[in-house]
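Spelled out from the first residue to the last, the chains are:
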Amino acid sequence: IRDMLADTPIRPDELDHVRRALTLSLPARRETLADIASDIEEILSVGLPRDYWDGYAERVAALTPEGVTETAREWLDPDRFVWVVVGDLRAVRGDVEALGWGRPEEITA
């Protein structure tokens, strides 16, 4: 993400992969009534237009590497990311600390 925000925009093949993932998964989003309810809940809770999903595939197809990079620069700040790692802290602590992202905090149920 830092590279993309600096001077290495998303590659066209990366964008194509994301486009396919977003659009080919659309039919599975509506397999059950619960799936449909979830889409409606998302529209209402986020304040999306009621016809948001109607033009979704077309909007995804229209994405460009430049547009994605511009939007990422507007909305993403890697210095404010919060990483959540779930697992046995004893097993992963060293690997997580080696990333240099700060001191891991343990949160228990």
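Here goes a summary of the coordinates provided. All values reported here derive from a predicted model rather than from experimental measurement.

Parameters at a glance
Residues numbered from 1 in each chain as written. Predicted model: local features only at pLDDT ≥ 70, side-chain atom pairs only at ≥ 80, totals over all residues. Heavy atoms only, no water. Helix = DSSP H or I, 4+ residues; strand = E, 2+ residues; numbered from the N terminus. Rg over C-alpha atoms; globule rule 2.2 N^0.38 Å. Buried < 20%, exposed > 50% of the residue type's maximum accessible area, 1.4 Å probe, protein only. Contact = heavy atoms within 4.5 Å. Lys, Arg positive; Asp, Glu negative; His and termini not counted. Charge placed at Lys NZ, Arg CZ, Asp CG, Glu CD. Polar contact = N/O pair within 3.5 Å; in protein donor to acceptor, adjacent residues only side chain to side chain. Salt bridge = Lys/Arg side-chain N within 4 Å of Asp/Glu carboxyl O.

A count of helical and extended segments in the chain gives six helices and zero strands. Reading the chain from its N end, one meets helices and strands in the order α-α-α-α-α-α. In terms of overall dimensions, the chain is more spread out than a globule: its C-alpha atoms have a radius of gyration of 18 Å, far above the 13 Å expected for 109 residues. Dimensions of the chain, computed from the C-alpha atoms along their principal axes, are close to 45 × 40 × 25 Å. Looking at the chain as a whole, 16% of its 109 residues are labelled buried. Long-range contacts, defined as pairs at least 24 residues apart, comprise 61% of the intrachain contacts of the chain with a sequence gap of at least 6. Considering the chain, the positive charge centre built from 13 side chains and the negative charge centre built from 23 side chains are found 2 Å apart.

Here we come to the side chain of threonine 69. As for its placement among the helices and strands, threonine 69 is situated in helix H5 (residues 65-75). Polar contacts involving the side chain of threonine 69 include one to the main-chain carbonyl oxygen of proline 65, which spans 2.9 Å. In contact with threonine 69, not counting residues within four places along its chain, are Met4, Pro9 and Ile10.

This part covers the pattern of salt bridges. The full count for this structure, using the stated rule, is nine salt bridges. Residue aspartate 39 is joined to arginine 30 by a salt bridge in which the shortest nitrogen-to-oxygen separation is 3.3 Å. The residue glutamate 97 makes a salt bridge to arginine 93 at a minimum N-O spacing of 3.5 Å. Of this pair, glutamate 97 and arginine 93 are both found in helix H6 (residues 89-98), four residues apart, which corresponds to roughly one turn of the helix. Exposure remark for glutamate 97: the relative accessible area of 39% places this residue in the partly exposed category. What you see here is one network of salt bridges that share partners, running through Arg29, Arg30, Asp39 and Glu42.

With respect to the helices, strands and loops of the structure, aspartate 39 is situated in helix H3 (residues 33-46). The class for aspartate 39 is buried, based on a relative accessible area of 5%. Of note is the side chain of aspartate 39, whose polar atom sits 3.3 Å from the side chain of arginine 30. Aspartate 39 has contacts with Arg29, Arg30 and Trp53, leaving out every residue within four places of it along the chain.

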